[in-house]
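Listed here are the chains, written in short residue letters.
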Amino acid sequence: MLKNDLFIRALKRQATPRTPIWVMRQAGRYLPEYRAVREKTDFLTLCKTPELACEVTIQPVDLMGVDAAIIFSDILVVNEAMGMNVEIIETKGIKLTPPIRSQADIDKLIDPDIDEKLGYVLDAIRLTKRELNDRVPLIGFSGAAWTLFTYAVEGGGSKNYAFAKKMMYREPKMAHQLLQKITTCISAYLIKQVEAGADAIQIFDSWASALSEDDYREFALPYIKQNVAAVKAAYPEIPVIVFAKDMNTILSDIADTGADAVGLGWNIDITKARKELGDRVCLQGNMDPTVLYGTPEKIKSEAAKILAHFGQHSASSGHVFNLGHGILPDVDPANLKCLVEFVKEESAKYHC
């Protein structure tokens, strides 16, 4: 039994005495304790060493008092498991080779044995669950198929997604074949994370806003829906969050994936999101990460605004306080701690 189950209860839209809070990238470079671990190893080795991944996963729970931990890993481990070479150098960027741009390239991608290729993530989850000792829930995650598709086809990050969109528009059947192959791997991976001990799942579609609404409905949402359905078919009690970055104009479509919670970017008023979605799903978000550069007074006022705009909780509403994207690496940790403590105190009055 979880000692602090507020996050899980909020995702399931059950009554809570206050609003739970965690933040994306909460285990990361803004923490001196994380940087001390990183000085000893490169990023991918950190991801692939369960003891180190466990250590940095738990740091924000101990130091910041957040209500959930998220396993330390990277979305591109799926691409690597499928046979791509992945290089992640924080000062230089991301490189995937060879890029996937033909039928022959797609055919070469493997349908991996998750235990064999991604066992280090599962081991990290098992170890972290043991070390957390049920203090807070543990979140497992994956990138969404569209985001992993863009990295695979572009061979790294991109400003205009030229190669990915060329495949979409010139060879749509090929694009869908690749998306399906990635989706099948993601579903198996997410289920394995639950079996290893993850209490909830988040699907990150980091490059969602690269697509128009219509293209997102065709090339992204059906595959997210498959992932959610796969998790729910195997483990119906496990809540799933879908975070499609900056796709706040089609929230109803995102909710239709079957997710328990929808993550919001900071460029939408949470009042509008709640009005559109009602209490169909829990809402997660949605402070602008740059607010954490502000004074304690500014941080508190912006957090208070979000809590007030969400408003009073009903018997079937849910809100998980989070940022609209990941915490930035040069934020003062004291500012995040200020936010966490304020949300814990201030939010109680909306749960009467």
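The model shown is predicted, which means the values in this text are computed figures rather than measured ones. (Residues numbered from 1 in each chain as written. Predicted model: local features only at pLDDT ≥ 70, side-chain atom pairs only at ≥ 80, totals over all residues. Heavy atoms only, no water.)

### Some points on the packing of helix α4 (residues 50-64) against helix α8 (residues 119-132)
Each pair of packed helices can be summarised by the angle the axes make with each other and by the distance between the axes.
And then number 1: Look at α4 against α8: their axes get within 8 Å of each other, and the N-to-C directions meet at 45°. Relative to α8, the element α4 is oriented oblique. When the axes of α4 and α8 are compared, the crossing they make is right-handed. Contacts between α4 and α8 involve P50, E51, A53, C54, T57, I58 and V61 on the former and, on the latter, Y120, D123, A124, L127, T128, E131 and L132. (Axes fitted to C-alpha atoms, helices over the stretch in contact; angles between N-to-C directions. Helix = DSSP H or I, 4+ residues; strand = E, 2+ residues; numbered from the N terminus. Parallel < 35°, antiparallel > 145°, perpendicular 65-115°, else oblique. Left-handed = near helix turned anticlockwise from the far one by under 90°. Contact = heavy atoms within 4.5 Å.)

### Things to note about the side chain of D260
And then number 1: You can see D260 is positioned in the loop between α14 (251-255) and β7 (261-263).
And then number 2: With relative accessibility at 19%, the residue D260 sits in the buried group.
And then number 3: A polar side-chain atom of D260 sits 2.7 Å from a polar atom in the side chain of K232. (Buried < 20%, exposed > 50% of the residue type's maximum accessible area, 1.4 Å probe, protein only. Polar contact = N/O pair within 3.5 Å; in protein donor to acceptor, adjacent residues only side chain to side chain.)

### Quick notes on the packing of helix α10 (residues 162-170) against helix α11 (residues 172-196)
And then number 1: Relative orientation of the contacting elements α10 and α11 amounts to 120°, with a least axis distance of 5 Å. Residues M167, M168, Y169 and R170 of α10 lie in contact with α11, whose contacting residues are P172, M174, A175 and L178.
And then number 2: The class makeup of the residues in the contact of α10 with α11 is seven nonpolar, no polar and one charged. (Nonpolar A, V, L, I, M, F, W, Y, C, P; charged D, E, K, R; others polar.)

### Details of the pairing of strand β3 (residues 93-97)
And then number 1: Note that strand β2 (residues 85-89) and β3 share five bridges and pair antiparallel. Bridge pairing in β3 places V86 opposite L96. (Pairing = 2+ DSSP bridges.)

### Digging into the nonpolar core
And then number 1: Counting residues in each nonpolar core, the largest one holds 135 residues, and the members touching the most others are F7, F149, Y216 and L339.
And then number 2: Broken down by element, this core gets its largest block of residues, 11 residues, from α11.
And then number 3: Once residues lying within four places of it in the same chain are set aside, the contact partners of F7 are P20, W22, D67, A68, P137, I139, A200, I241, Q284 and V320. (Core = buried A, V, L, I, M, F, W, Y, C linked by side-chain atoms within 4.5 Å.)

### Here's the deal with α4
And then number 1: For α4, which comprises 15 residues, the first-to-last C-alpha distance of 22 Å matches the rise-based estimate of 21 Å (1.5 Å per residue) to within 8%.
And then number 2: At I58, α4 is deflected by roughly 30°, the largest bend along its length, and proline P60 occurs up to four residues later in sequence.
And then number 3: Along its buried surface, α4 packs onto α2 (32-38), α3 (43-48), β1 (69-70), α8, β4 (138-143) and α17 (333-346).
And then number 4: Backbone geometry just downstream of α4 places G65 in the positive-phi region, at approximately 75°. (Expected span 1.5 Å × (residues − 1). Bend = angle between axes of the 7 residues up to and from the residue.)

All quantities given are derived from atomic positions and should not be read as evidence of function.
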